[in-house]
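A look at the structure
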Amino acid sequence: MLALVATFVFSCLLFLSKTCARDMRLFLASLCQELALSLLGFLAGYRLLGGVASTATAADAMPLMQPFKRKRPAAKVESAEGTGEPSVLDLPELAIDCILAKLPPPELRNMAAVCRSMRDRCRSDHLWESHMSHKWGSVLGTAAREEWRSYLSSSTAPGGGASCGSAGSAKHRRWLAALSCVCPVVSWMRPRADGGAGRSVGPVLDDSVMSWYHHMESGKFWFPAQVYNREHGHVGFMMSCYDAELSYDFHTDSFRARYPPHGRRTVVLEDGVHWDRVRAAPVETLAHDLHASDCLNQLRPGDNIEIQWRRNKEFPYGWWYGVVGHLESCDGNEHFCRCHLSDTVVLEFNQYTPGSRWRQSLVNRKDHREEGNEGDGFYGGIRKLHKKDEISKWKQLWPTDILE
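Below: a short report on this structure. Since the structure is predicted, the reported quantities are computational estimates derived from the model, not experimental observations.

1. Concerning the pairing of strand S7 (residues 318-325)
- Buried residues dominate S7, accounting for eight of its eight residues.
- Residues Gly-318, Trp-320, Gly-322 and Val-324 line one face of S7 and the alternating positions Trp-319, Tyr-321, Val-323 and Gly-325 line the opposite face, and both faces are buried.
- Sheet topology places strand S6 (residues 304-310) next to S7; six bridges connect them, and they run antiparallel. Looking at the pairing, Asn-304 lines up with Val-323 of S7.
- Bridge count for S7 against strand S8 (residues 344-348) is three bridges, and the pairing is antiparallel. Its bridge partner lying in S8, Val-323 is registered against Glu-348.

2. As for the packing of helix H7 (residues 125-136) against helix H12 (residues 209-218)
- Direction vectors running N to C along H7 and H12 enclose 30°, while the axes themselves pass 8 Å from each other. For the element pair H7 / H12, the angle class is roughly parallel. Crossing angle aside, the handedness with which H7 passes H12 is left-handed. Contact residues: Asp-125, Trp-128, Glu-129, His-131, Met-132, Lys-135 and Trp-136 in H7; Val-209, Met-210, Trp-212, Tyr-213, His-214, Met-216 and Glu-217 in H12.
- Residues that form the contact of H7 with H12 fall into these classes: eight nonpolar, two polar and four charged.

3. Observations concerning the state of the cysteines
- For the coordinates displayed, the defined rule picks out zero disulfides.
- Cys-122 carries a free sulfur, and the closest cysteine sulfur to it, the one in Cys-115, is 8.5 Å from it.
- Not part of a disulfide, Cys-337 finds its nearest cysteine sulfur in Cys-339, a span of 3.5 Å.
- For Cys-337, a relative accessible area of 8% gives the class buried.

4. Focus on the pattern of salt bridges
- With the rule as written, the count across this model stands at 17 salt bridges.
- Close ionic contact of Arg-279 with Glu-306 constitutes a salt bridge, the shortest N to O distance being 3.0 Å. Separated by 27 residues along the polypeptide, Arg-279 in strand S5 (residues 278-279) and Glu-306 in strand S6 bring together distant segments of the chain. For the pair Arg-279 and Glu-306, one class covers both residues: buried.
- With a shortest N-O distance of 3.8 Å, Asp-343 and Lys-366 are connected by a salt bridge. Here Lys-366 lies in the loop between strand S9 (360-364) and strand S10 (371-373) and Asp-343 lies in the loop between S7 and S8, a separation of 23 residues in the sequence.

Quick notes on the rules
Residues numbered from 1 in each chain as written. Predicted model: local features only at pLDDT ≥ 70, side-chain atom pairs only at ≥ 80, totals over all residues. Heavy atoms only, no water. Buried < 20%, exposed > 50% of the residue type's maximum accessible area, 1.4 Å probe, protein only. Helix = DSSP H or I, 4+ residues; strand = E, 2+ residues; numbered from the N terminus. Pairing = 2+ DSSP bridges. Axes fitted to C-alpha atoms, helices over the stretch in contact; angles between N-to-C directions. Parallel < 35°, antiparallel > 145°, perpendicular 65-115°, else oblique. Left-handed = near helix turned anticlockwise from the far one by under 90°. Contact = heavy atoms within 4.5 Å. Nonpolar A, V, L, I, M, F, W, Y, C, P; charged D, E, K, R; others polar. Disulfide = S-S within 2.5 Å. Salt bridge = Lys/Arg side-chain N within 4 Å of Asp/Glu carboxyl O.

Encoded structure:
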């Protein structure tokens, strides 16, 4: 009883303090309600028992209201011998890891809130790496990992958003912990006091794979990737793939794309980018840099390639799909073809109609550099496609009508 009164007096003093007044308003309303219920329960029990509780033994006393006790999550749940019920934590370590490995991400995250032991197990990187690879592996590359590390550094640096929020919440937790030592009722209201009334707490930001997964899924993290047929398949970008920053939209299970400005164009935004139009950058070459072509001596007619192309010097490069063709002097007979011995390589873009200025381009095999002009654009580095899934992806994106 004295502890309850002392807690109430201490809370009122905090309420009068200007620095804590804002944080204590909602808290005191709930605290007073709990104190009132506790006091009424105590008086009702004392009156009905007629004061015999003071002389009876502890085993004979039967208060009408159980004392308020916060059950702290133990590192290990009681075994079947103590409670009569088996616990998951009684299983061998390997069995627990096998069970957790079968859980999908939402259930694995819920299991992390069961107790301290489960929290440490369920946040393990080896469990989340498989989920990360399964869902995000096709759209995350080296650049995205570097961007995540930069995102962590900027968020945890002094003055960053995460550090400011954590400083306030840490101060909040310290005085709540002090109050909980006097009155256990305070500990019940920690989640609400920490997060604010009715506000949902976002994913925790740390260097774990679990944190990266949830920041990807929440859409808070923008990562670099490439988008096929940008701007909803605009005819000027058909059969191309451009660099962009993407953010996941869990409501539509698609992405938002943000293309960098170029020339007189400002930042271009595109919503509803589906998974089949997104890929991780296959090379680490930046959008405005010329890719070093290391496959020119290997190119033969029929090979599938991607080549950099841009409208003018102010534009970033995009990767455009094409195939290696035959020279005019070759009849195309594979038994007599000597095109692979020539210094000139013919590149064909068969998505364009015959006779179009975009249909064909010639590059020098031994001394290739950026070639072109302001009218036809500039051709850059070349990469040969070896993987069947890369070639198949371009075939799936083939336009239904031949382009002019």
